[in-house]
Amino acid sequence: MAVEKFNTRVQGVEILKPRTDSRDYRMIVLKNLLQVLLISDPDTDKCAASMSVSVGSFSDPQGLEGLAHFLEHMLFYASEKYPEEDSYSKYITEHGGSTNAYTASEETNYHFDVNADCFVEALDRFAQFFIKPLMSADATMREIKAVDSENQKNLLSDGWRMRQLQKHLSKEDHPYHKFSTGNMDTLHVRPQAKGVDTRSELIKFYEEHYSANIMHLVVYGKESLDKIQDLVEGMFQEIQNTNKVVPRFPGQPCTDDHLQILVKAVPIKQGHKLGVSWPVTPSIHHYEEGPSKYLGHLIGHEGEGSLFHALKILGWATGLSAGEGEWTLDYSFFKVSIDLTDAGHEHMQEILGLLFNYIQLLQKTGVCQWIFDELSAICETKFHYQDKTPPMSYIVDIASNMQIYPAKDWLVGSSLPTKFNPATVQKVVDELSPSNVRILWESQKFEGQTDKAEPWYNTAYSLEKITTSTIQEWVLSAPDVNLHLPAPNVFIPTDFSLKDAKEKETIPVLLRKSPFSRLWYKPDTMFSKPKAYVKMDFNCPLAVSSPDAAVLTDIFTRLLMDYLNEYAYYAQVAGLYYGVSLSDNGFELTLLGYDHKLRILLETVVAKIANFEVKPDRFAVIKETVTKEYQNYKFRQPYHQAMYYCSLILQDQTWPWTEELDVLSHMEAEDVAKFVPMLLSRTFIECYIAGNVENKEAESMVNHIEDVLFNEPKPICRPLFPSQHLTNRVVKLEKGMKYFYHQDGSNPSDENSALVHYIQVHRDDFAMNIKLQLFGLVAKQATFHQLRTVEQLGYITALAQRNDSGIYGVQFIIQSSVKGPGHIDSRVESLLKNFESKLYEMTDEDFKSNVTALIDMKLEKHKNLKEESRFYWREIQSGTLKFNRKEAEVAALKQLQKQELIDFFNEYIKVGAEKKKSLSIRVYGSQHLKEMASDKNEVPSPSVEIEDIVGFRKSQPLHGSFRGCGQPKL
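Rules used throughout
Residues numbered from 1 in each chain as written. Predicted model: local features only at pLDDT ≥ 70, side-chain atom pairs only at ≥ 80, totals over all residues. Heavy atoms only, no water. Pairing = 2+ DSSP bridges. Helix = DSSP H or I, 4+ residues; strand = E, 2+ residues; numbered from the N terminus. Axes fitted to C-alpha atoms, helices over the stretch in contact; angles between N-to-C directions. UniProt positions renumbered as here; feature names shortened; annotations may be inferred. Phe/Tyr/Trp six-rings, centres within 6.5 Å; stacked < 30°, edge-to-face > 60°. Buried < 20%, exposed > 50% of the residue type's maximum accessible area, 1.4 Å probe, protein only. Polar contact = N/O pair within 3.5 Å; in protein donor to acceptor, adjacent residues only side chain to side chain. Contact = heavy atoms within 4.5 Å.

Colleague: Quick question: what am I supposed to make of the sheet that holds strand 26 (residues 796–804) here?
Modeller: Strands in a sheet are paired, the pairing made by backbone hydrogen bonds, and the direction either parallel or antiparallel. Read across the sheet, six strands follow the order 26-27-25-28-24-29 without closing on themselves; strand pairing throughout is mixed. Strands with a single pairing partner mark the edges of an open sheet, and in this sheet they are strand 26 and strand 29 (943–945). The mean inter-strand angle of the sheet, taken between neighbouring strand axes irrespective of direction, is 20 degrees. Bridging between strand 25 (residues 753–763) and strand 28 (residues 917–924) involves seven bridges; their strand directions are antiparallel. In the strand pairing of strand 28, Gln760 is matched with Lys917.

Written out as structure tokens, the structure is:
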């Protein structure tokens, strides 16, 4: 299929851009040879910048593993021009923005966004990273601790563990083999033992590698291109150019010793996985031909005739993905990942046999032009009708692309295969052979059967060589199933016309109401994309009535998704996404994507609900999957555990996962079969339809659903009685009281502890909301700086707003391997005491600046239909229905005085405040378990120790629910 060109000319180079993109682009090269892409977007509320430096962890010196990553951390600290520690992050956070960075194998990327009116100073602070950073001796040791804490967080993560195991099983002299994160050992203990000064090495690394000629900068601004160019030239010319060559690491990571291997590894979590990979020709050299994209599309397909469909019917797999994994210009791995059932684990050899059978099918059928053309059409549509995204996430990918692609493809990268070249694809197919395969098989069943350990994460594994003839035996032993190529995709949209919405509604309107449903409607008046968003929340009182009902409803939604998959997978490939999942009040159906064929998919899903039946074989697989998910709860990060306990304490009608797991262990297929008709027998459907849909179409969709579910001679659903409409209730903590919950971490092997210190403040109210939000804005960076940067309590340190069904509060979240939760809690209290004086010392100018920043954040426009729809859906779901929330809160902010913020803090937040209601969730890792008893004895009075969460919740008064308020009239 020929791609229609929509180009923007940049210094004689045409950059391919989406046809719906009205932004202006310009490439410039500064005198120091820094390549820059300027983007002008007059409609943006946030400006952003991203700098990609063409050096990463592959360049770490021997014996200083993690140095590139450590340098990435250190550049955030301070610069000669802005010497105050952490002032870069402070400035950006206080002006509505965010900062981040990452270190990859051959790239380090730094990026930020900020409110548009503060961009000039933020950009200048950012530029100093690369001109004259200060890497003080004092900061060096503290940030080594932060890197070590980051690594501690990853030690029990299977994703990190298995990735490092793959790297370990490669040539020791290839940088792929390295450990890239760094820790206390690699950045302090070992270098110190050898007389190596880490800070000196850090500065040396910076001076050797950070040269303007191997950097690429993207700047996204609101002003004209000329003005942005003047800014950039004034700020970034000073970056030193030492004419470095981009480091290259030729050669393959794997020799024959590392191919034809079967590795059995013991994961942390329950479940079995099979990872099959091959070294292949990097697709980057043929990115317009997309060989790995074509093969990933077919091997990873889930429709009838696919490898996954065959494995699913056999009951052997619950998930499969395929495509190019880690790659550079010099090497690449094509990887197939399969999530196995218990039965699948017992049939690993046959599964591999089927995989190689499917690859042989691709070799025999050759490369099909119609499949390539279809894939190209899907990719072209996706590119040209892509949603606008936040500027920072948009430009990070572009900055990385600038390292690799010619300027014409900076925006599109590898996402748009346009040149049909069977030979290129066939070459990669031929590389997926038994002679160079690497198989990683993960299961806890290998516990005690391994004889090796990966050194960085201590992952237990064994390794054996396998021959081509062995694999051939597996191929012959594979079941005889009908594997074939996918059918043509009927969901590919062809009508991209935009509907003329007669009503230019700027907020949702209640279009229709009946005893069965309520329809909110919002036509697209902002985005001009041929897309729609449909949300239907099935309010079923039975769904939340007990742990049994909650689990049965969950199984029902998963079975629905399972039954729909082979058909609806085509819709997802074509850009029409769907989901059926649990909601607070039952289950919800979501559809999002091109509107052309959305109605077809919607009617199919509703028909499946209406004609639902339980297939015992699929029930068994889903039950097994859900059981493992519950069993893996205990391996969650400690701060996730603390947040879970906080929700369980506060939210009525929620059940402990241990009870749900117990229910599940006794559940049979017939229980679901009996339950679902009762679940659906009383239902009310809350609907929201938005986007490129006319109001008559929206009404017609809901009419159809009512006809199928409510209006048959023997209806599946009947309306709710008025007394059955569900409400979401939240525990009302007592004023002046401190609540504590102490709990062991659920994974005895995890040394990390965690604290969630929650302060409940008020029920949704515009005047109160803005005071809490302004406190959050002012205190956020101070919290991070004190608890993480200065005290080094842990890598995960955050201050976040919390909203439970319209009940607002704030929470401090900290995870630490160095201090226990009791100590961390005392540091939060100390922080709040110190913050009081900072509020009093705040100048009127600083106060106004913070208010302006918050107003700018509130007035930030939605980028796309999904973002807008989620905002309005939250109002509908919680029952608040304040669709004008942003404007009303901005109006309140404009009237706010500094003294009102101080009074608010003194009344609700400060230590000892009369109306303060705090809840401390303390989760103890193995290192701090012995502190729990003394911590419990030392809690201050007046306080409540929560021993039994459900018992406590039942004994407490509840806040009123907004869903119980008067309903709006049509």
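Following the structure, the description resumes.
Colleague: How should I be thinking about the UniProt feature "domain: Peptidase M16 N-terminal" (unreviewed entry) in the chain in this particular structure?
Modeller: In the numbering adopted here, UniProt assigns the feature "domain: Peptidase M16 N-terminal" (unreviewed entry) to residues 36–171. In residues 36–171, helix accounts for 40% and strand for 23%; the two terminal C-alpha atoms are 37 Å from one another.

Colleague: Looking at this structure, how should I read the packing of aromatic side chains?
Modeller: For any pair of aromatic rings, geometry is given as the distance between the ring centres together with the angle between the planes. A full pass over the atoms with the stated rule returns 48 aromatic pairs. An angle of 65 degrees between the planes, with centres 5.8 Å apart, marks the rings of Phe76 and Tyr88 as edge-to-face. Of this pair, Phe76 sits in the loop between helix 1 (67–74) and strand 6 (78–79) while Tyr88 sits in helix 2 (residues 87–94); the two residues are 12 residues apart in sequence, bridging distant segments of the chain. Comparing Phe76 with Tyr88, the two get one shared label, buried. Considering the side-chain rings of Trp520 and Phe883, the 5.4 Å spacing of their centres and the 70 degrees angle between planes classify their relative orientation as edge-to-face. Of the two residues, Trp520 is situated in strand 19 (residues 517–523) and Phe883 in the loop between helix 27 (865–878) and helix 28 (885–895); the sequence distance between them amounts to 363 residues. For Trp520, a relative accessible area of 4% corresponds to the buried category.

Colleague: Hey, could you run me through the side chain of Asp41 in this one?
Modeller: Relative to the assigned elements, Asp41 resides in the loop between strand 4 (35–40) and strand 5 (46–53). A polar atom in the side chain of Asp41 sits 2.8 Å from the side chain of Lys388. Ignoring sequence-local partners within four residues, the contact set of Asp41 consists of Arg23, Tyr220, Gly221, Lys222 and Lys388.

Colleague: For this particular structure, what's the right way to read unusual backbone geometry?
Modeller: Trans peptide bonds make up most of the peptide bonds, and negative phi angles are found at most residues other than glycine. With an omega dihedral of -10 degrees, the bond running from Ser941 to Pro942 counts as a cis peptide bond. Looking at where Pro942 falls in the secondary structure, it is placed in the loop between helix 30 (932–937) and strand 29. Residue Leu33 is not a glycine yet carries a positive backbone phi of 70 degrees. Positive phi, close to 60 degrees, is recorded for Asn458, a residue that is not glycine. Residue classification places Asn458 among the exposed positions, given a relative accessible area of 56%.

Colleague: Would you mind showing me how to read the UniProt feature "domain: Peptidase M16 C-terminal" (unreviewed entry) in the chain here?
Modeller: Per the UniProt entry, the sites bearing "domain: Peptidase M16 C-terminal" (unreviewed entry) are residues 198–375 in this numbering. The span residues 198–375 carries 39% helix and 22% strand; its end-to-end C-alpha distance comes to 50 Å.

Colleague: For this particular structure, what's the right way to read the side chain of His928?
Modeller: Among the structural elements, His928 can be located in the loop between strand 28 and helix 30. Since its relative accessible area comes to 3%, His928 is described here as buried. For His928, the contacting residues outside a window of four places in its chain are Glu751, Ser753, Ser816, Ser817, Val818, Lys819, Gly820 and Pro821.

Colleague: Is there a simple way to think about the pairing of strand 18 (residues 509–513) in this case?
Modeller: Regular strands show a simple pattern: their side chains alternate between the two faces of the sheet. Bridge count for strand 18 against strand 19 is four bridges, and the pairing is antiparallel. Considered in strand 19, the bridge of Val509 is made with Tyr521. Between strand 18 and strand 19, which follow one another and run antiparallel, lie three residues.

Colleague: Help me understand the environment of Ala698 in this model?
Modeller: One can find Ala698 in helix 23 (residues 695–709). By relative accessible area, Ala698 is classed as buried at 0%. The spatial distance from the C-alpha of Ala698 to the C-alpha of Ala571 is 20 Å, given a sequence separation of 127 residues. When near neighbours in sequence (up to four residues on either side) are disregarded, Ala698 contacts Leu511, Leu519, Tyr521, Ile689 and Val693.

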